[in-house]
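Below, each chain spelled out in residue letters.
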Amino acid sequence: MTKELITVKELEEIKLAGITCKGELGNCDSYYEKLLNWAKENNLTQSPNFKLITIYHDNVQMTAPSEVRWSVCTPIDNNYDLQGYIKTLFIQKGKYAVGHFEITEDLFQQSWNKVVDWIRDNNYEFGTQESFEVYYNDNKTHPEKKFIVDLVIPIK
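Residues numbered from 1 in each chain as written. Predicted model: local features only at pLDDT ≥ 70, side-chain atom pairs only at ≥ 80, totals over all residues. Heavy atoms only, no water.

Quick look at the overall build of the chain now. The number of helices and strands found in the chain is two helices and eight strands. Mapped in sequence order, the helices and strands of the chain form the string β-β-α-β-β-β-β-α-β-β. For the chain, the C-alpha radius of gyration of 15 Å lies close to 15 Å, the compact-globule estimate for 156 residues. Projected onto its principal axes, the C-alpha coordinates of the chain cover approximately 45 × 35 × 35 Å. A buried classification covers 40% of the 156 residues belonging to the chain. (Helix = DSSP H or I, 4+ residues; strand = E, 2+ residues; numbered from the N terminus. Rg over C-alpha atoms; globule rule 2.2 N^0.38 Å. Buried < 20%, exposed > 50% of the residue type's maximum accessible area, 1.4 Å probe, protein only.)

Before going further, it helps to examine the pairing of strand β7 (residues 131–135). The buried fraction of β7 amounts to four of the five residues, a majority that puts the element mostly inside the structure. By the bridge criterion, five bridges tie strand β3 (residues 52–56) to β7 in an arrangement that is antiparallel. Bridge pairing in β7 places Tyr56 opposite Ser131. Sheet topology note: the β7/strand β8 (residues 147–154) ladder contains four bridges and is antiparallel. Counted as the bridge partner of Glu133 is Leu151 from β8. (Pairing = 2+ DSSP bridges.)

Our next topic: the nonpolar core. Counting residues in each nonpolar core, the largest one holds 31 residues, and the members touching the most others are Trp38, Phe108, Val115, Tyr135 and Val149. Contributing elements (two or more residues each) for this core: β2 (14–22), α1 (29–41), β3, β4 (69–75), β6 (94–103), α2 (108–121) and β8. Apart from residues no more than four positions distant in its own chain, Trp38 is found in contact with Ala17, Leu44, Thr74, Ile76, Tyr80, Leu82, Tyr85 and Ile86. Within the second largest apolar cluster, twelve residues are counted, among which are Leu89, Tyr96, Phe132 and Val134. (Core = buried A, V, L, I, M, F, W, Y, C linked by side-chain atoms within 4.5 Å. Contact = heavy atoms within 4.5 Å.)

The strand order across the open sheet built from eight strands is β1-β6-β8-β7-β3-β4-β2-β5, with neighbouring strands paired in antiparallel fashion. Only two strands of the sheet have a single partner each, and these edge strands are β1 (3–11) and β5 (87–91). Going from strand to strand, the sheet's axes swing by 30° on average, the running direction of each strand aside. Across eight bridges, β6 lies against β8 in antiparallel orientation. Paired with Ile103 across the strands is Phe147, a residue of β8. Along the sheet, α2 contacts β1, β3, β6, β7 and β8; its crossing angle with β8, the most-contacted strand, is approximately 40°. (Axes fitted to C-alpha atoms, helices over the stretch in contact; angles between N-to-C directions.)

Quick look at unusual backbone geometry now. For Asn43, which is not glycine, the phi torsion reads 60° and is therefore positive. Tracing the chain through its elements places Asn43 in the loop between α1 and β3. Taking the relative accessible area as the measure of exposure, Asn43 reaches 56% and is therefore exposed. Positive phi outside glycine occurs at Lys145, with the angle close to 60°. Note on placement: Lys145 falls in the loop between β7 and β8.

With 13 residues, α1 extends 18 Å from end C-alpha to end C-alpha; this agrees with the ideal 18 Å at 1.5 Å per step. Buried within α1 are the following residues: Tyr32, Leu35, Trp38 and Ala39. Projected down its long axis, α1 carries its buried residues within an arc of 125°, all on one side. Away from its buried face, by an angle of more than 90 degrees, α1 presents the exposed residues Asp29, Glu33, Lys40 and Glu41. Here the buried face of α1 lies against β2, β3, β4 and β7. At the C-terminal side of α1, Asn43 shows a positive phi close to 60°. (Expected span 1.5 Å × (residues − 1). Arc of directions from axis to C-beta.)

What follows is the structure in structure tokens.
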């Protein structure tokens, strides 16, 4: 059984450190590893608020898999001046539908669909900001190998 809750949240702009990638979504492990190594070197993983985020710059339903652009990120404060392969990115301020789930990897698409259906069923329009995922745990350490994740879609 999956745990789920969908709500509307007004988010402030969030500054991120991230690596932008292009191509198949399944090829992301090395990018997460690079970002995690950087975060460890900068003592970010010690924070109780540390989390990883994936931003989708393209609609994965409408873009060829080899052309999909996405970024793996972690929130940072304004003191960081990033250089090299780690870039500054932002989650834009705005209203979002936030689906909070505790799911196995095979249920991601079904869960995204639930958030989309919820938006339509509640008469919201889709916004123009980018959709993203927020990961609150390492699924490998979860007793049932589940992700505790927010699936976030902009709305008007």
